Structures are given as structure tokens and as C-alpha cells.
Amino acid sequence: MFTDYTELIPSMEYFVERRCAPTWSIKRGCLPYHDLTYVIAGRSTYFINDVPFHLQQGDMIYIPKGSYRQAFTAQDTPMHCYAFNFHCSLNNQECTQLPFPSTFAIHADPELMRLFKDFAGLWLEKRQGYALKARAVFMLILHKLLYSYSSDSHTVTDPRIQKANEYILNHYDQKIDMDHLARMSELHPVYFGSLFREANGCTVKEYITNIRINNAENLLLTGGYSVSEAAERCGFNDIFYFSRIFKKRKGYPPSEARKDH
């Protein structure tokens, strides 16, 4: 079941860039917060409710609030990690479980590495307003993890599909067909379609329609555009088809979205 995490609000309890000594360990205890730890280098073993998980460079471990945690590092290759301990609420209620697997590999994801380093710098400097900015950076980290590494996410990792997505976002008001996107990506149309759906969780046509409808809604909500003008600006030539698809996707007719209606 899909959960919308738009209203997820984290609150940082503790953060540390941990360079473990060979004797480092965490005694078994019940966690009063969520633990999200990324292994930069070295090896370690964590126990979640007495189940062991062996970590190495590039691994992330997630331990939900209320779990029993225990850990120790490998003595020959001590762990170097970023450890985030935090609380979070979702829709004004405490969130005790996020949809991450217990462990997953993210390796050298450049965007995440930059966000980790930005957060570490903010937390060490502690300049005026650092907590607000640190929360914003951590929310970007959670967004990246939730929509790229959670158990029910669709991950766009293939640069050819990313290129196709960017093309659609820049040309959604024009005619776009899958054959053109496949040629641009240097893939057979059938394979491209399969790869696109695997990465985005929808077909090319559905993706284009979603982009067009979302932008049309934005135009109508800002005011100054008639329904037919918004439809045309977003690549729809048939106003009746546009109205039908809009209502199907949004649950109300486009005329109701007009700010000045």
C-alpha cells in the first residue's frame, strides 16, 4: 500500500560522524528514536531485535524506534560512519516505522554523499539557525532514501531513463512519442518501454499525461488561464479529452481549479 510522506517531519535527537576504535560497541538496549547509519568505511555488526546484520562500506542500516539494538565494530577494520538518531511525525502523529529494509546498499550515490557532508558540516559548526537548515538537509536525505531505496519505491538509476525523463519535463507541451525517446536513448522501443516502466512505475504515456495534467492544474490554480488555454499550453489538443482525463486524475473538473472561477 502506497503511503504519502509529504507531511513527514523529522526531529534530530543526535548525529555523529563516528570513527570507531577497534573496541567500539553499543550495549543492547531499546531505542527511544530511529537510527539511520551509513557506513563510510570499515565493517561492523548490528543486531536488531537480536537478529545480526553485517555491514561494510556503502551499506545503510535502519533501526525503527522501539527496537532493541546492539552493535560492535570489526577490530581489524573499524567502522567509519554517519549516524542519525531522530524522531519523526507523519500527519501530526508519531511515526514509529519508515518503509526502509533493515539494511540496503547505496554505495557512492553522489547526491547522498554531498547531503551527508553538508549535514555533518552544519552540525559541527552550529552557526545561528543551523538546526533549521540541518532539518532541511535531513529532509532531503529522507526524501532521497524514501523515493529511491524504500521497499515500495521505483528507482530511476539508468542514465538513459533519466535523460528521457528530463526530455519529457522540458518538452511536455509538444508531441512526444516513445520511438523518439527510445532512439534518443539508443534503445529498442520495446526494451525502452520496459525499462522506463520499471524505473518510473508507469508507462511513457502515463508519465507524460501526469506531467501535463499536473502543470495544467498549476496554471489553472494561479489564475489568468481559461481551461482551453491551460490545456493547449500543456500539450492537449482536444479539450474534451483533457477535461475527462483531468477529472479522472484529480477527482474534480478543471473548471473548478480556476482561481477566478
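Preceding block: the structure.
The paragraphs below set out a description of the structure included in this document. Just so we're clear, the structure is a prediction, and the values are computed from it rather than from any experiment.

1. Quick look at the pattern of salt bridges
Side chains carrying opposite charge are able to pair once their charged atoms draw close together.
Part 1: For the structure on display, the rule yields nine salt bridges.
Part 2: The salt bridge involving Glu 17 is made with Arg 19; its shortest N-O contact spans 3.3 Å.
Part 3: Exposure remark for Glu 17: the relative accessible area of 30% places this residue in the partly exposed category.
Part 4: Using a relative accessible area of 62% as the deciding quantity, one classes Arg 19 as exposed.
Part 5: Residue Lys 144 is joined to Glu 111 by a salt bridge in which the shortest nitrogen-to-oxygen separation is 3.4 Å. In this pair, Lys 144 sits in helix α2 (residues 130-148) while Glu 111 sits in helix α1 (residues 110-125), placing the two residues 33 residues apart along the sequence.

2. Notes on the packing of aromatic side chains
Any pair of aromatic rings gets described here by the distance separating the centres and the angle formed by the planes.
Part 1: For the structure shown, the criterion picks out 23 aromatic pairs.
Part 2: Each ring, one from Phe 236 and one from Phe 242, has its centre 5.0 Å from the other, and the planes form 55°; the classification is tilted.
Part 3: A relative accessible area of 7% means that Phe 236 is categorised as buried.
Part 4: A network of ring pairs unites the aromatic residues Phe 15, Tyr 38, Tyr 82, Phe 84, Phe 86, Phe 116, Phe 119, Trp 123, Tyr 130 and Phe 138 as a single cluster.
Part 5: For the cation-ring pair, Arg 212 lies above Phe 236, with the distance from its terminal atom to the ring centre recorded as 6.0 Å.

3. Thoughts on the side chain of Ser 44
Part 1: Looking at where Ser 44 falls in the secondary structure, it is placed in strand β4 (residues 44-48).
Part 2: Exposure remark for Ser 44: the relative accessible area of 3% places this residue in the buried category.
Part 3: Other than its neighbours up to four places away in sequence, Ser 44 contacts Phe 53, His 54, Leu 55, Phe 72, Thr 73, Ala 74 and Met 79.

4. Brief notes about the pairing of strand β5 (residues 51-55)
Part 1: With five bridges joining them, β4 and β5 adopt antiparallel strand pairing. Of the residues in β5, the one forming a bridge with Ser 44 is Leu 55.
Part 2: The turn joining β4 and β5, which pair antiparallel and follow one another in sequence, is formed by two residues; a positive phi near 50° is taken by Asn 49.

5. Describing the packing of helix α3 (residues 159-171) against helix α5 (residues 189-200)
Part 1: In the contact formed by α3 and α5, the axes pass within 10 Å of each other and the chain directions differ by 85°. One finds that α3 runs roughly perpendicular with respect to α5. Where α3 approaches α5, its residues Arg 160, Ile 161, Ala 164, Asn 165 and Ile 168 are matched on the opposing element by Phe 192, Leu 195, Phe 196, Ala 199 and Asn 200.
Part 2: Along the lines of polarity and charge, the residues of the contact of α3 with α5 split into seven nonpolar, two polar and one charged.

6. Considering helix α6 (residues 204-222)
Part 1: Over its 19 residues, α6 runs 28 Å from end to end, which matches the ideal 27 Å to within 8%, given 1.5 Å per residue.
Part 2: The complete set of buried residues in α6 reads Val 204, Tyr 207, Ile 208, Thr 209, Ile 211, Arg 212, Ile 213, Ala 216, Glu 217, Leu 219 and Leu 220.
Part 3: On its buried face, α6 sits against α3, α4 (178-185), α5, α7 (227-233) and α8 (239-250).
Part 4: Of the residues one or two after α6, Gly 223 is the one with positive phi, at around 85°.

7. Some remarks on the environment of Met 60
Part 1: Here Met 60 lies in strand β6 (residues 59-63).
Part 2: Met 60 gets classed as buried once you look at its relative accessible area, which sits at 0%.
Part 3: For the pair formed by Met 60 and Leu 132, sequence separation is 72 residues and the distance between their alpha carbons is 24 Å.
Part 4: The contacts of Met 60, once residues within four sequence positions are left out, are Leu 36, Thr 37, Tyr 38, Ser 102, Thr 103, Phe 104, Ile 106, Phe 116 and Leu 145.

Calculation rules
- Residues numbered from 1 in each chain as written.
- Predicted model: local features only at pLDDT ≥ 70, side-chain atom pairs only at ≥ 80, totals over all residues.
- Heavy atoms only, no water.
- Salt bridge = Lys/Arg side-chain N within 4 Å of Asp/Glu carboxyl O.
- Buried < 20%, exposed > 50% of the residue type's maximum accessible area, 1.4 Å probe, protein only.
- Helix = DSSP H or I, 4+ residues; strand = E, 2+ residues; numbered from the N terminus.
- Phe/Tyr/Trp six-rings, centres within 6.5 Å; stacked < 30°, edge-to-face > 60°.
- Lys NZ or Arg CZ within 6 Å of the ring centre and 35° of its normal.
- Contact = heavy atoms within 4.5 Å.
- Pairing = 2+ DSSP bridges.
- Axes fitted to C-alpha atoms, helices over the stretch in contact; angles between N-to-C directions.
- Parallel < 35°, antiparallel > 145°, perpendicular 65-115°, else oblique.
- Nonpolar A, V, L, I, M, F, W, Y, C, P; charged D, E, K, R; others polar.
- Expected span 1.5 Å × (residues − 1).

Distances and angles like these do not, on their own, reveal function.
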